[in-house]
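A structural walkthrough
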Amino acid sequence: MESDRPRSQNEILAAALRLIRLHRRLKPAEVAEAMGMAKRSYEHFEAGKGKINLERIHRFAEATDSDPYAIIDCMALGSPEFAVRCADNKAMLALRVVTQEFDEAVGDAIMELDTRSIINAFTRTLKDLGMQAVRRDDAAKAWLDERIGRLITPTKDEED
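The residue numbers shown here count from 1 along each chain, following its written sequence. Local features in a predicted model are, by the rule used here, given only for residues with pLDDT of at least 70; side-chain atom pairs are given and counted only at 80 or more, and totals for whole chains, interfaces and linings are based on all residues. Hydrogens and water are ignored here; the side-chain numbers use all heavy atoms of the structure.

Another aspect to go through is the overall build of the chain. Secondary structure assignment for the chain yields nine helices and zero strands. Seen in sequence order, the chain has helices and strands lined up from the N terminus as α-α-α-α-α-α-α-α-α. In terms of overall size, the chain is more extended than a compact globule, its C-alpha atoms giving a radius of gyration of 21 Å where 160 residues would be expected to give roughly 15 Å. Dimensions of the chain, computed from C-alpha atoms along their principal axes, come out at roughly 70 × 50 × 35 Å. Summary of the burial criterion: residues with accessible area below 20% of their type's maximum are buried, those above 50% are exposed, and those between are partly exposed, where the area comes from a 1.4 Å probe applied to protein chains only. Within the chain, the fraction of its 160 residues that count as buried is 22%. Throughout, a contact is declared for two residues whenever any of their heavy atoms are within 4.5 Å. The contacts in the chain between residues at least 6 apart in sequence include a share of 53% that link residues at least 24 apart. Note on areas: Shrake-Rupley, 1.4 Å probe, and residue coverage restricted to the protein chains presented here. About 11800 Å² of surface is accessible on the chain, with carbon and sulfur atoms providing 54% of the total. Helix and strand labels come from DSSP, where a helix needs a run of H or I of at least four residues and a strand needs a run of E of at least two; each type is numbered from the N terminus. Just to be clear, the radius of gyration here is over C-alpha atoms, and the globule rule we use is 2.2 Å times residues to the power 0.38.

Here we come to a negative patch on the surface. A cluster of acidic side chains, namely Glu101, Asp103, Glu104, Asp108 and Glu112, defines a negative patch on the protein surface. As for its position among the elements, Glu112 is in the loop between helix H7 (91-106) and helix H8 (115-148). Each patch is built from residues lacking any salt bridge and having more than 30% relative accessible area; the joining distance is 9 Å for like charges and 5 Å for nonpolar side chains (Val, Leu, Ile, Met, Phe, Trp, Tyr). Note on definitions: salt bridges are taken to be side-chain nitrogens of Lys or Arg within 4 Å of carboxyl oxygens of Asp or Glu. Only four residue types enter the charge count, namely Lys and Arg as positive and Asp and Glu as negative; His and the chain termini do not. By convention, the charge on Lys lies at NZ, on Arg at CZ, on Asp at CG and on Glu at CD.

Describing two packed helices takes the angle between their axes plus the distance from one axis to the other. Axis lines are fitted to C-alpha atoms, over the contacting stretch for helices. Their N-to-C directions set the angle, which ranges from 0 to 180 degrees. It is at 8 Å that the axes of helix H4 (residues 54-64) and helix H5 (residues 68-77) come closest, and there the two elements cross at 130°. Taken together, H4 and H5 sit at an angle that is classed as oblique. In the crossing of H4 with H5, the sense of the turn from one axis to the other is right-handed. In this structure, H4 contributes Leu54, Ile57, His58, Phe60 and Ala61 to the contact, and H5 contributes Pro68, Tyr69, Ile71, Ile72 and Met75. In this scheme, roughly parallel covers angles under 35 degrees and roughly antiparallel covers those over 145, while 65 to 115 is roughly perpendicular and the rest are oblique. By convention, the crossing between two helices is left-handed when the near helix turns anticlockwise from the far helix through less than a right angle, and right-handed when the turn is clockwise.

Below, the discussion takes up the packing of helix H2 (residues 28-35) against H4. For the pair H2 and H4, interaxial distance at closest approach is 9 Å and the crossing angle is 115°. Compared by their axis directions, H2 and H4 come out roughly perpendicular. Relative to H4, H2 is oriented so that their crossing is right-handed. Packed against H2, whose contacting residues are Val31, Ala34 and Met35, the element H4 presents Arg56, Arg59, Phe60, Ala63 and Thr64 at the interface. Residues are sorted three ways: Asp, Glu, Lys and Arg are charged, Ala, Val, Leu, Ile, Met, Phe, Trp, Tyr, Cys and Pro are nonpolar, and all the rest, Gly among them, are polar. Looking at side-chain class alone, the contact of H2 with H4 contains five nonpolar, one polar and two charged residues.

Pasting the structure below:
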């Protein structure tokens, strides 16, 4: 239900931090220690209290082996789940690195690109990545389905 979704950036951040911590099966005290924070201060941070602190987001990402840029971007997207979806593959971190290399290689010529070309290039690339994820899941399922019949499973007679 749409009304159940967090509305403010602080609420979205709080949800993302909690989801990542749970995804990593960590306790608040473990993350607090890894971040060099008092447990109470960490709990305040995870609850989304106070101003959004980029340095703490980066420390949290390091402590939980997640993607700091996905955490930051999830607030703009309104999707705490996005931070978890990128925690393992570091998709937004990779995008930032590639963007940095693009800036260094192309420099001021970036200004010559029109918005439509940028949108089309990003749309194509992201659709291709989405299709790779679907194909990968389909390929894994097909591989498993093909081989599962080779396993020897117990019969009713063997269980008696």
